[in-house]
Structures are given as structure tokens and as C-alpha cells.
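Listed below are the residues making up each chain.
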Amino acid sequence: MRKVRADGYAEFAAARAGHLYRSACLLTAGDTYLAEDLVQETFGRLYVNWGRVSRASNPAGYAQTVLTRTFLTHQRRRSSTERATAVLPDVPVPSAGADVTMRLTLVEALAQLAPKDRAVVVLRYWEDRSIEETAGAMNVSSAAVRTRCVRALARLRTLLGEELGEYATR
């Protein structure tokens, strides 16, 4: 029985790892090391509760919710704002056909948003979740999600300027 459970978890983790990592990178505004830590902690929490999670109607949504709440918990800690400055971070390798400048500009703009605003933008527009799903993942009301969306998108328009402001028009 345990082998079957472990195999199911391993299959789920392999299938969702890339998606959770991309979401975590957006939540952390490009901090790939923190994103890896968040995904690892998410998978650890999922493993502990895998019996319940595997019976859920949407285990992928559950995993995304755990990732978002793990990120928000991390942001509340005092040490989450500490940054090492002696060593420069790795430079990302651009993928074929990617507009690297625009991607970096968007990630920098996301980094300037408050953590909860960033989480709302990522969940609503990157993950394409509904207002209710986003509210559930963040453990806030639907009205709070709507308010944060409006404010976060207005802030992004300001940060991106005229030429990229069209990407924050929703």
C-alpha cells in the first residue's frame, strides 16, 4: 500500500514540479534560489498529507494553494528580506525566441509590488484563476482580491511606463 502511495506522489511531483517552480519564480520576482526552496517546502508539505491530497478533487490546485501560502508565510518572516550582496546571482540563460528584455522588465516590476499584491497578480493572471479561487488560495475575501488586483495593476502600469503599460490593462 505504501509503495502505491509513494509512486502516486512521485508521479504527481514529477508532473507538477516545473509548473510550481515557474509560479514560485514569479512569486519571488525572479529569486530562483528562494523559488526552489518554496517548491521543496511545498512538496514536503504535500508528502506529509498525500493521503488526503490525493483524494482531493484538484490536487494541482491544492499544491498551488500550498505554494502561495508558503510564499506568504515566508514573506512575513523578518529574515525574508535579507539579501546576500557579496556574490552576484547567476544570469538566466534566455530560451530561444524569448524576449529577455521584456521578461526582465516585468519581473523587476513584479518585484516592486507588495508580496500579497504580487501573489494576486500571479494567481489571477499567470495561473488564470478565478477571483474565488485566488481568494481561497490566499485565505482572504473575494472583495480583497478585487481590490488588490486593481491596485496592483495600477502600480504595474505606473512602473512599466507607456510602452509596456498595455500588458497591465485588465
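Residues numbered from 1 in each chain as written. Predicted model: local features only at pLDDT ≥ 70, side-chain atom pairs only at ≥ 80, totals over all residues. Heavy atoms only, no water.

1. A closer look at the overall build of the chain
So, step 1. When helices and strands are counted, the chain shows eight helices and zero strands.
So, step 2. Reading the helices (α) and strands (β) of the chain from amino to carboxyl end gives α-α-α-α-α-α-α-α.
So, step 3. Expressed as a percentage of contacts within the chain between residues at least 6 apart in sequence, the contacts between residues at least 24 apart total 65%. (Helix = DSSP H or I, 4+ residues; strand = E, 2+ residues; numbered from the N terminus. Contact = heavy atoms within 4.5 Å.)

2. Re the environment of Val-39
So, step 1. For Val-39, the location among the structural elements is in helix α2 (residues 32-48).
So, step 2. Judged by relative accessible area, Val-39 falls into the buried class, the value being 8%.
So, step 3. The residues touching Val-39, leaving out its near neighbours within four places in the chain, are Leu-20, Tyr-21, Ala-24 and Leu-67. (Buried < 20%, exposed > 50% of the residue type's maximum accessible area, 1.4 Å probe, protein only.)

3. Focus on the packing of helix α6 (residues 115-126) against helix α7 (residues 131-138)
So, step 1. The interhelical angle for the contact between α6 and α7, taken along N-to-C directions, is 140°, at an axis separation of 10 Å. Overall, the two elements α6 and α7 adopt an arrangement that is oblique. Judged by the sense of rotation from one axis to the other, the crossing of α6 with α7 is right-handed. Here Lys-116, Ala-119, Val-120, Leu-123 and Arg-124 of α6 come into contact with α7, specifically with Ile-131, Thr-134, Ala-137 and Met-138.
So, step 2. Classifying every residue of the contact of α6 with α7 by side-chain character gives six nonpolar, one polar and two charged. (Axes fitted to C-alpha atoms, helices over the stretch in contact; angles between N-to-C directions. Parallel < 35°, antiparallel > 145°, perpendicular 65-115°, else oblique. Left-handed = near helix turned anticlockwise from the far one by under 90°. Nonpolar A, V, L, I, M, F, W, Y, C, P; charged D, E, K, R; others polar.)

4. So, the packing of aromatic side chains
Aromatic ring pairs: the centre-centre distance and the angle between the two ring planes describe each pair.
So, step 1. If you walk through the whole model with that rule in mind, you get four aromatic pairs.
So, step 2. Taken together, a centroid distance of 5.5 Å and an interplanar angle of 75° make the contact between Tyr-9 and Trp-50 edge-to-face. Linking Tyr-9 in helix α1 (residues 2-27) with Trp-50 in helix α3 (residues 50-54), this pair joins segments that are 41 residues apart in sequence.
So, step 3. Residue classification places Tyr-9 among the buried positions, given a relative accessible area of 13%. (Phe/Tyr/Trp six-rings, centres within 6.5 Å; stacked < 30°, edge-to-face > 60°.)

5. Thoughts on the confidence of the model for the chain
So, step 1. With 80% of its residues at a pLDDT of at least 70, the chain reaches an overall mean of 82.
So, step 2. When mean pLDDT is compared element by element in the chain, α2 scores highest at 91, while helix α5 (residues 100-111) scores lowest at 82. (pLDDT = per-residue confidence, 0-100.)

6. Things to note about the side chain of Arg-16
So, step 1. By the element assignment, Arg-16 lies in helix α1.
So, step 2. Beyond its immediate stretch of four places on either side in the chain, Arg-16 contacts Phe-43 and Ala-60.

7. Let's talk about the nonpolar core
So, step 1. Membership of the largest hydrophobic core comes to 39 residues, with the highest contact counts inside it found for Phe-43, Leu-46 and Leu-67.
So, step 2. Mapped by element, the contributors of at least two residues to this core are α1, α2, α3, α4 (59-76), α5, α6, α7 and α8 (142-164).
So, step 3. Here the element with the most residues in this core is α1; it accounts for eight residues.
So, step 4. Once you skip the residues sitting within four places of it in the chain, Leu-67 turns out to touch Leu-20, Ser-23, Ala-24, Leu-27, Leu-38, Val-39 and Thr-42. (Core = buried A, V, L, I, M, F, W, Y, C linked by side-chain atoms within 4.5 Å.)

8. A word on α4
So, step 1. With 18 residues, α4 ought to run about 26 Å at 1.5 Å a step, and its terminal C-alpha atoms sit 26 Å apart, in line with that.
So, step 2. For α4, every residue scored as buried is listed here: Pro-59, Gly-61, Ala-63, Gln-64, Thr-65, Val-66, Leu-67, Thr-68, Thr-70, Phe-71, Leu-72 and His-74. (Expected span 1.5 Å × (residues − 1).)

9. Brief notes about the side chain of Thr-65
So, step 1. Counting through the fold element by element, Thr-65 comes out in helix α4.
So, step 2. Taking the relative accessible area as the measure of exposure, Thr-65 reaches 18% and is therefore buried.

10. A short note on α6
A turn of α-helix holds 3.6 residues, and therefore any two residues three or four places apart point the same way.
So, step 1. The end-to-end C-alpha distance of α6, which contains twelve residues, comes to 15 Å, matching closely the 16 Å that a straight helix rising 1.5 Å per residue would cover.
So, step 2. All of the buried residues along α6 are Asp-117, Arg-118, Ala-119, Val-120, Val-121, Val-122, Leu-123 and Arg-124.
So, step 3. Asp-128 sits one or two residues past α6 and shows a positive phi near 60°.

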